[in-house]
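Chain residues, written in single-letter form:
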Amino acid sequence: MRLYLVSSEPIFKSAIRLIFDSGRLPCTPETTIFSKGTRTTKEVAYVTAGRLIQQYQQFCLSKGIDFIRIQSVRPHDDTTLFCSAGMQQYKPLFSDPSHSGTVANSQACLRMGDLDEIGDGTHLLHFTMLGLFSFREMTVGNAIDFWLEFLGTLGLVPDHVTIHPDRLGEWTPLYGGRVPIMPDPECMWSDGSISGYCTEFYKDGVEIGNIVNPLGTCIDVGFGAERLDMIVNGTPQDDALGTLCETVMTIVESGYRPSNKEQGYVLRKLLRRIHKMGGTLDHPFFKEEVERQKRLRAKYLRLRERHSEMSPDWWFDTHGIDLFDISESMEE
């Protein structure tokens, strides 16, 4: 797991170095590499996004709040295949009444539930969450002041915020008339064991972040760095193919390899989808998966009449053949 504590080196420089060290390039049917001394659009995007994360880090430090940066999407517990939220590693602290304190982070996240929505300009599949977590120390009012002040440093004023009707009377005064407020009965959050009311921030019709009040005593804040970057800096979001390729590289750089189980299986499926969409990726795993699919398709064609009555589970467990992938490849 790559984990970065506060450093004097600007994060955006590290982001550019990461691009060249990892060989990460934009993923399109035809990748264009500019001459030495110029930057691709993707590299420029990494610089601006890195600056925003750096601004958030410096803002937190100016408030005396410790900051940690995590670029790996490896989960912090076994409840998810990948880290899906910045609060995941802190769940034990929310429910520990003896613990108090406040910490901030930027956490790489991956949510496979967004897979069918990528390319719409708001769903990114993998993203960086800017988080603020306080355990029996900050109040909801403190958190609202914190985030309105930070967004102000970016020149961003939310168009409106939403509050659950059950907290409308109590929380509306905390905004002090600075932002229009709308009631929303969906402003609840729960991970199954920890839950709380929340207030959500919107800009240009897009939710940019929220403040959750877990257990009524804690603070859990998450703002999407890429969504903020899109609004503040005008950085365009990847299309579906570019998003898939960036997600694959994030999974690979988090230490996973293609396999038939868990994270490795997700990686394999994404590689397969890139190929199906006509994209390519300059990485050995992509080339290996393309060849693997060719071999599996040939094997299936050779065996299908002999085992026509067998179930999809049998094909997968016995031969590693995913009939869904095979049927798709047969249509190509």
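Remember, it's a predicted structure, so these values are computed and weren't measured experimentally.

J.: So what's going on with the pairing of strand 3 (residues 101-110)? Residues and values would help.
T.: Here strand 3 lies mainly inside the structure; ten of its ten residues are buried. In strand 3, alternate side chains face the same way, and those of G101, V103, N105, Q107 and C109 on one face and T102, A104, S106, A108 and L110 on the other are all buried. The pairing of strand 3 with strand 4 (residues 126-135) spans ten bridges and is antiparallel. Among the inter-strand pairings, V103 is bridged to a residue of strand 4, identified as F133.

J.: Give a detailed account of the state of the cysteines, specifying residues and quantitative values.
T.: The tally for this structure, following the rule as stated, stands at zero disulfides. C198 supplies the cysteine sulfur nearest to C187, a cysteine that is in no disulfide, at a spacing of 4.4 Å. Note on C198: relative accessible area 1%, which makes it buried.

J.: I'd like a description of helix 8 (residues 262-276), backed by residues and values.
T.: Over its 15 residues, helix 8 runs 21 Å from end to end, which matches the ideal 21 Å to within 8%, given 1.5 Å per residue. Along helix 8, the residues classified as buried are Q263, G264, V266, L267, R268, L270, L271, R272 and I274. Once helix 8 finishes, G278 follows within two positions and takes phi at roughly 85 degrees, a positive value.

J.: Hey, could you go over the environment of G101 for me, with residue numbers and the actual values?
T.: For G101, the position within the fold is in strand 3. When neighbours within four sequence positions are excluded, G101 is seen to be in contact with F133, S134, F135 and E137.

J.: Residue-level account of the confidence of the model for the protein chain, with values.
T.: When pLDDT is averaged along the protein chain, the result is 84, and 81% of the positions lie at 70 or above. Long-range and interchain partners of residues 1-41, a stretch whose pLDDT sits below 50, account for 73 contacts in this model, where long-range means more than four residues apart.

J.: Would you mind going over helix 4 (residues 140-153) in detail, with residue names and values included?
T.: The end-to-end C-alpha distance of helix 4, which contains 14 residues, comes to 20 Å, matching closely the 20 Å that a straight helix rising 1.5 Å per residue would cover. Every buried residue of helix 4 is accounted for by V140, G141, A143, I144, F146, W147, L148, F150 and L151. A positive phi of about 75 degrees marks G155, the residue just after helix 4.

J.: Describe the pattern of salt bridges, listing the residues and the values that go with them.
T.: Inspection of every chain in the model, using the stated rule, returns eleven salt bridges. For D145, the salt bridge identified is with R178, shortest N-O distance 2.8 Å. One end of the pair, D145, is in helix 4; the other, R178, is in the loop between helix 5 (168-175) and strand 6 (181-183), and 33 residues separate them in sequence. The closest approach of N and O atoms between R167 and E170, which form a salt bridge, is 3.8 Å. The exposure class assigned to R167 is partly exposed, which follows from its relative accessible area of 25%. Residue E170 is classed as exposed on the basis of its relative accessible area, which comes to 51%. Because the salt bridges share partners, they merge into one network encompassing D77, K91 and D191.

J.: Pulling in residues and values, what's your account of the packing of helix 4 against helix 5?
T.: When two helices pack together, their arrangement is given by the angle between the helix axes and the distance between those axes. Two elements in contact, helix 4 and helix 5, have axes separated by 9 Å at closest approach and are oriented at 40 degrees. As summarised for this structure, helix 4 and helix 5 are arranged oblique, according to the angle between their axes. Judged by the sense of rotation from one axis to the other, the crossing of helix 4 with helix 5 is right-handed. Contacts from V140, G141, I144, D145 and L148 of helix 4 reach helix 5 at W171, L174 and Y175.

J.: So what's going on with the environment of S95? Which residues, and what values?
T.: Secondary-structure assignment places S95 in the loop between helix 3 (91-94) and strand 3. Along the primary structure S95 and F135 are separated by 40 residues, whereas in three dimensions their C-alpha atoms are 8.9 Å apart. Side-chain polar atoms of S95 contact the backbone oxygen of P92, separated by 3.4 Å.

J.: Summarise the packing of aromatic side chains; cite the residues concerned and give the values.
T.: According to the stated counting rule, one finds 18 aromatic pairs in the structure shown. Ring geometry for F94 against F135: centres 5.0 Å apart, planes inclined by 65 degrees, an arrangement best described as edge-to-face. Of this pair, F94 sits in helix 3 while F135 is found in strand 4, placing the two residues 41 residues apart along the sequence. No difference in accessibility class separates F94 from F135, as the two residues are buried. Put simply, the rings of Y56, F59, F67, F146, W147, F150, Y175, F201 and F223 touch in pairs and so form one group of aromatic residues. It is R74 that lies over the ring of Y256; its NZ or CZ is 4.2 Å from the centre.

J.: Requested: an account of unusual backbone geometry, with residues and values cited.
T.: Of note, D204 is a non-glycine position whose phi angle comes to about 55 degrees, a positive value. By the secondary structure assignment, D204 is in the loop between strand 8 (195-203) and strand 9 (206-214). Look at D204 and you get exposed, because its relative accessible area is 56%. Here the phi dihedral of E262 falls at roughly 45 degrees; this positive angle occurs in a residue that is not glycine.

Basis of the calculations
Counting starts from 1 at the beginning of each chain's written sequence and moves along it residue by residue. The predicted nature of this model means local features are confined to residues of pLDDT at least 70 and side-chain atom pairs, given and counted, to a pLDDT of 80 or more, with totals for whole chains, interfaces and linings taken over all residues. In computing side-chain properties, one takes all heavy atoms of the structure into account and sets aside hydrogens as well as water. The buried label goes to any residue with under 20% of its type's maximum accessible area, the exposed label to any with over 50%, and the partly exposed label to all in between, with areas taken from a 1.4 Å probe on protein chains only. Strands here mean DSSP runs of E at least two residues long; helices mean DSSP runs of H or I at least four residues long; both are numbered from the N terminus. At least two bridges found by DSSP between two strands are what make those strands a pair. Only a pair of cysteine sulfur atoms within 2.5 Å qualifies as a disulfide here. A helix is expected to span 1.5 Å for every residue after the first. Should any heavy atoms of two residues lie within 4.5 Å, those residues are considered in contact. On a range of 0 to 100, pLDDT expresses the predictor's confidence in each residue. Criterion for a salt bridge: a side-chain nitrogen of Lys or Arg within 4 Å of a carboxyl oxygen of Asp or Glu. Every axis corresponds to a line fitted to the C-alpha atoms, with the helix fit spanning only the stretch in contact, and the corresponding angles, defined between N-to-C directions, vary from 0 to 180 degrees. Just so you know how the angles are binned, under 35 degrees is roughly parallel, over 145 roughly antiparallel, 65 to 115 roughly perpendicular, and the rest oblique. Less than a right angle of anticlockwise turn of the near helix away from the far helix marks a crossing as left-handed, whereas a clockwise turn marks it as right-handed. Pairing of N or O atoms within 3.5 Å defines a polar contact, subject to two protein rules: one partner must be a possible hydrogen donor and the other a possible acceptor, and residues neighboring in sequence count only if both atoms are side-chain atoms. Two rings from Phe, Tyr or Trp (for Trp, the six-membered ring) form a pair when their centres sit within 6.5 Å of each other. Planes less than 30 degrees apart are called stacked, planes more than 60 degrees apart edge-to-face, and all others tilted. By the criterion adopted, a ring carries a charge over it if an Arg CZ or a Lys NZ lies within 6 Å of its centre and within 35 degrees of its normal.

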